[in-house]
Amino acid sequence: MSTLFVNNLNTASGSTITVPTGKTLIGTDSKTFRAPGMVIQETFNTHGTQYSQTLSSGTSGSYIGLEGTITPTSSSNTIRGLVIVEGVTLESDGTYGYFELRTELPSDGLVRRFGYPLGWSSDDNSQLNIPFQFTHSPNTTSAVKYRIRFTAVTGDIILRTNRDGTSYNASSILLQEIQA
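Please read all numbers here as calculations on a predicted model, not as lab measurements.

Cut-offs applied
- Residues numbered from 1 in each chain as written.
- Predicted model: local features only at pLDDT ≥ 70, side-chain atom pairs only at ≥ 80, totals over all residues.
- Heavy atoms only, no water.
- Helix = DSSP H or I, 4+ residues; strand = E, 2+ residues; numbered from the N terminus.
- Buried < 20%, exposed > 50% of the residue type's maximum accessible area, 1.4 Å probe, protein only.
- Contact = heavy atoms within 4.5 Å.
- Areas by Shrake-Rupley, 256 points an atom, 1.4 Å probe, with all protein chains shown as cover.
- Lys, Arg positive; Asp, Glu negative; His and termini not counted.
- Charge placed at Lys NZ, Arg CZ, Asp CG, Glu CD.
- pLDDT = per-residue confidence, 0-100.
- Salt bridge = Lys/Arg side-chain N within 4 Å of Asp/Glu carboxyl O.

**As for the overall build of the protein**
The helix and strand inventory of the protein stands at zero helices and 10 strands. Overall size of the protein, expressed as C-alpha extent along the three principal axes, is 75 × 35 × 30 Å. Taken over 180 residues, the protein has a buried fraction of 34%. Partitioning the contacts of the protein with sequence separation of at least 6, the portion at a separation of at least 24 is 80%. Working note: accessible area of the protein is about 10700 Å², and carbon and sulfur atoms make up 48% of it. Positive and negative side-chain charges of the protein, numbering 12 and 14 respectively, have mean locations separated by a distance of 10 Å.

Next up, the structure:
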């Protein structure tokens, strides 16, 4: 077997390079084949533990336990994510608040607010599932941890997530690194 060493491939004519039928092009690791817009890695985490906290108007709560970490392979790549907070209930009539997606990067902190205005009225006994998609450019190759917390805007709120505390009602976060 011989080894071909090249830095670039180009066509002699036309615009396609064809691998013949019956032949297979094999990459030696997960980083062999990349194209702009391609997902090059992903992480997925769930959190099914029931969370409950009482918040006063204008205060941010502690993190709800849902988090995910990804380490970008290039600082020019972006992170695309999907957060689903399950089994959310708010208690206290006329109250409003929102969730925050935050990172532990000192220069970034807040990535996005979502679910606003998330409110409650006394005749509403429903549990909400709150999906949120985002794109973030952390400009680093260090690990980036994404975490979720809730902020009360008006009134005193009792927030609950993962209401029944089972895997059926587990919040989740999917993070994907997208090739620049």
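The structure having been displayed, the exposition proceeds.
**A word on the confidence of the model for the protein**
When the pLDDT values of the protein are averaged, the result is 87; 92% of them are 70 or greater. Within the protein, strand 10 (residues 171-178) carries the highest mean pLDDT (97), whereas strand 6 (residues 110-120) carries the lowest (81).

**Focus on the side chain of Glu86**
Mapped onto the secondary structure, Glu86 falls in strand 4 (residues 78-91). The buried charged residue Glu86 lacks any salt bridge, with Arg163 as its nearest oppositely charged partner at 13 Å. With residues near it in sequence (within four places) discarded, Glu86 still touches Leu128, Asn129, Thr161, Asn162, Arg163, Asn169, Ala170 and Ser171.

**Examining the pattern of salt bridges**
Applying the stated criterion across every chain yields a total of eight salt bridges. Among the salt bridges present, the one from Glu91 reaches Arg163, with a minimum N-O distance of 3.7 Å. Taken as a pair, Glu91 in strand 4 and Arg163 in the loop between strand 9 (157-161) and strand 10 lie far apart in primary sequence, 72 residues in all. On the accessibility criterion, Glu91 (25% relative accessible area) is partly exposed. Classification of Arg163 as partly exposed rests on a relative accessible area of 27%. Between Arg113 and Glu100 there is a salt bridge whose closest N-O contact spans 3.6 Å. In this pair, Arg113 sits in strand 6 while Glu100 sits in strand 5 (residues 95-103), placing the two residues 13 residues apart along the sequence. Residues participating in the shared-partner salt-bridge network are Glu67, Glu104, Lys145 and Arg147.

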